[in-house]
Amino acid sequence: MSQAPPYASITWSGDSLGEMRVLDQTELPLNLVMRPLGSVQEVHEAIVALRVRGAPAIGIAAAYGVVVALQDSIRNRAATAVASQVARNACDYLATSRPTAVNLFWALDRMRRKIDANPSVASAVELGNLLLREARLIHDEDRSMCHAIGDYGASLFDEGFGVLTHCNTGGLATSEYGTALAAIITAHAVGKKIHVFADETRPLLQGARLTMWELQQYGVPSTLICDSMAAQVMREGKIQAVIVGADRITARGDTANKIGTYGVAVAARHHNIPFYVAAPTSTFDLSIIGGDSIPIEQRKPEEITQGLGRRTAPPDCMVYNPAFDVTPAELITAIVTERGIIHPVDEDRVRAMVEKRTA
Ligand code: MRU
């Protein structure tokens, strides 16, 4: 797809002493605020508070966050051993921000490998340049992945399809276009007449606040529904395909994604509707076989009891707030990656696709 995206989730301007900014997603859809992040603590906070969110975007933000962490060492002309340690500490610290999306750890491992592979850099500036180059590479690679996923994913939709999606998987959650949303945006861009149903995605409303906003930016015909309406909308025959993103996919294809995804997959199976997952290979964790081993983030009770700005439950009630659930591979029709489509979903095919060498 060639149309330039109308917004960027993360930007870096200048050299290693330059400025990192994120589009503050907690402000959407009301305000479009690019927030500068001037310290590694601010980057960590932005990830925890979901100012920057979505598996690939978290990885990209963390990679730039390591460069932000190094800026004082560069300004103070710190010894290289000291600067390297600062960068390593930043990797460890940023890895504590959110536990489920494996892209965070994947990106930080790349940054760590860069540090370890260059023990004899001449200065903190040189280390900063190397790490900024790696962060930019991670960012650029994600752009290419989004385009490829969009092209493969769009082929799954026929003319007139109703397509249901959950949470937000667009340019806000990635470098640009997204994963599941890239498939939708690409299908729309090539003229396929599809209609999207977006689950609002309680408790934090990524579907209502972010997906609907992104679909409007691209002019994709779309309807917002409450999460509890998805099964009924399927029953009414309005949905011909479901497509969602992922935060971590295991070797056998079990997929962690935003809470509520599993229920959508169960309903889709009941109604004989194909259920697709779209994710780059950086979202796969082949060290885990079964989805039960994926760490699931537990978030604050207030997101449920007063997440909409006013109290919606009595004080002191017990709350359970897992941010993600796991959809077992047997409910997934196919997984769309930047290297092709995994179908049917099983361990051999997942490994073959993820371990496939790229030219
Ligand atoms: O808690 P969030 O908003 O970061 O959760 C995001 C999701 O679950 C997305 O579906 C997933 O990260 C894929 S983004 C391309």
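Residues numbered from 1 in each chain as written. Predicted model: local features only at pLDDT ≥ 70, side-chain atom pairs only at ≥ 80, totals over all residues. Heavy atoms only, no water.

Draft legend 1. How the structure looks around the overall build of the protein chain. The helix and strand inventory of the protein chain stands at 11 helices and 14 strands. Each principal axis of the C-alpha atoms in the protein chain carries an extent, and together these give about 65 × 55 × 40 Å. Surface summary for the protein chain: the accessible area is close to 14700 Å², and the carbon and sulfur share equals 52%. Averaged over its 34 positive side-chain charges, the protein chain has a centre that lies 2 Å from the centre of its 39 negative ones. (Helix = DSSP H or I, 4+ residues; strand = E, 2+ residues; numbered from the N terminus. Areas by Shrake-Rupley, 256 points an atom, 1.4 Å probe, with all protein chains shown as cover. Lys, Arg positive; Asp, Glu negative; His and termini not counted. Charge placed at Lys NZ, Arg CZ, Asp CG, Glu CD.)

Draft legend 2. Representation of the sheet that holds strand β12 (residues 324-327) within the structure. Taken in spatial order, the 4 strands of this open sheet run β11-β8-β9-β12, and their pairing is mixed. Because the sheet does not close on itself, it has two edges, and the strands there are β11 (284-285) and β12. (Pairing = 2+ DSSP bridges.)

Draft legend 3. Representation of the state of the cysteines within the structure. One pass over the full model with this rule turns up 0 disulfides. As a non-bridged cysteine, Cys-146 has Cys-167 as the owner of its nearest cysteine sulfur, 15 Å distant. Look at Cys-167 and you get buried, because its relative accessible area is 7%. (Disulfide = S-S within 2.5 Å. Buried < 20%, exposed > 50% of the residue type's maximum accessible area, 1.4 Å probe, protein only.)

Draft legend 4. Highlighting the packing of aromatic side chains. Tallying each qualifying case throughout the model produces 4 aromatic pairs. For the pair Tyr-7 and Tyr-218, a centre-to-centre distance of 6.4 Å together with 75° between the ring planes defines the contact as edge-to-face. Of this pair, Tyr-7 sits in the segment before β1 (10-13) while Tyr-218 sits in helix α7 (residues 206-218); the two residues are 211 residues apart in sequence, bridging distant segments of the chain. For Tyr-7, a relative accessible area of 9% gives the class buried. Residue classification places Tyr-218 among the buried residues on the basis of a relative accessible area of 8%. Residues Trp-12 and Tyr-64 carry aromatic rings whose centres are separated by 5.4 Å and whose planes lie at 20° to one another, so their mutual orientation is stacked. Placement of Trp-12 in strand β1 and of Tyr-64 in helix α2 (residues 55-75) is noted, with a sequence separation of 52 residues between them. Through pairs of rings, three or more aromatic residues link up here, namely Tyr-7, Tyr-177, Trp-213 and Tyr-218. Its guanidinium or amino end placed over the ring of Phe-324, Lys-258 lies 4.4 Å from that ring's centre, counting from NZ or CZ. (Phe/Tyr/Trp six-rings, centres within 6.5 Å; stacked < 30°, edge-to-face > 60°. Lys NZ or Arg CZ within 6 Å of the ring centre and 35° of its normal.)

Draft legend 5. Structural detail: the site of the ligand. As a matter of local geometry, the ligand sits amid 17 residues, with Arg-53, Arg-98, Asp-247, Asn-257 and Lys-258 nearest to it. At 2.8 Å from an oxygen atom of the ligand is found a side-chain nitrogen or oxygen belonging to Lys-258. For the ligand, whose unbound accessible area comes to 420 Å², protein coverage reaches 100%. Broken down by secondary-structure element, the contributors of at least two residues to the shell around the ligand are α2 and β9 (255-258). Of the residues in the shell around the ligand, the class split is 6 nonpolar, 7 polar and 4 charged. No fewer than three residues from each of domain 1 (10-146) and domain 2 (153-358) sit in the shell around the ligand. (Near = heavy atom within 4 Å. Polar contact = N/O pair within 3.5 Å; in protein donor to acceptor, adjacent residues only side chain to side chain. Nonpolar A, V, L, I, M, F, W, Y, C, P; charged D, E, K, R; others polar. Domains from an automatic or database assignment.)

Draft legend 6. Representation of helix α1 (residues 40-48). Every buried residue belonging to α1 is among Val-40, Val-43, His-44, Ala-46 and Ile-47, and all of these are buried. The arc that holds the buried residues of α1, viewed along the axis, is 160°, so those residues lie on one side. Looking one or two residues past α1, Leu-50 carries a phi angle of roughly 65°, positive in sign. (Arc of directions from axis to C-beta.)

Draft legend 7. Representation of the pattern of salt bridges. Under the definition given, this model contains 23 salt bridges. Here Glu-45 and Arg-51 are joined by a salt bridge, their closest N and O atoms 2.9 Å apart. The closest approach of N and O atoms between Glu-297 and Arg-98, which form a salt bridge, is 2.8 Å. You can see Glu-297 sitting in the loop between β11 and α10 (302-305) and its partner Arg-98 sitting in the loop between α3 (80-94) and α4 (102-117), a full 199 residues away along the chain. According to the relative accessible area criterion, Arg-98 is buried, its value standing at 6%. (Salt bridge = Lys/Arg side-chain N within 4 Å of Asp/Glu carboxyl O.)

Draft legend 8. Structural view of the domain arrangement of the protein chain. We note that the domain assignment places domain 1 (10-146) and domain 2 (153-358) within the protein chain. Using only C-alpha atoms to locate each centre, domain 1 and domain 2 end up separated by 26 Å. Every contact between the two is made by 27 residues of domain 1 and, on the other side, 33 residues of domain 2. Counting the surface lost from both domain 1 and domain 2, the interface buries some 2400 Å², and carbon and sulfur atoms represent 57% of this. At the boundary of domain 1 with domain 2, the tally comes to 2 salt bridges. Between Arg-143 and Glu-176 there is a salt bridge; the shortest N-O distance is 3.4 Å. Seen at the junction of domain 1 and domain 2, the total is 17 residue pairs in polar contact (both at pLDDT 80 or more). Contributions of two or more residues to the side of domain 1 that touches domain 2 are made by α2, α4 and α5 (124-154). (Contact = heavy atoms within 4.5 Å. Buried area = accessible area lost by both parts, 1.4 Å probe.)

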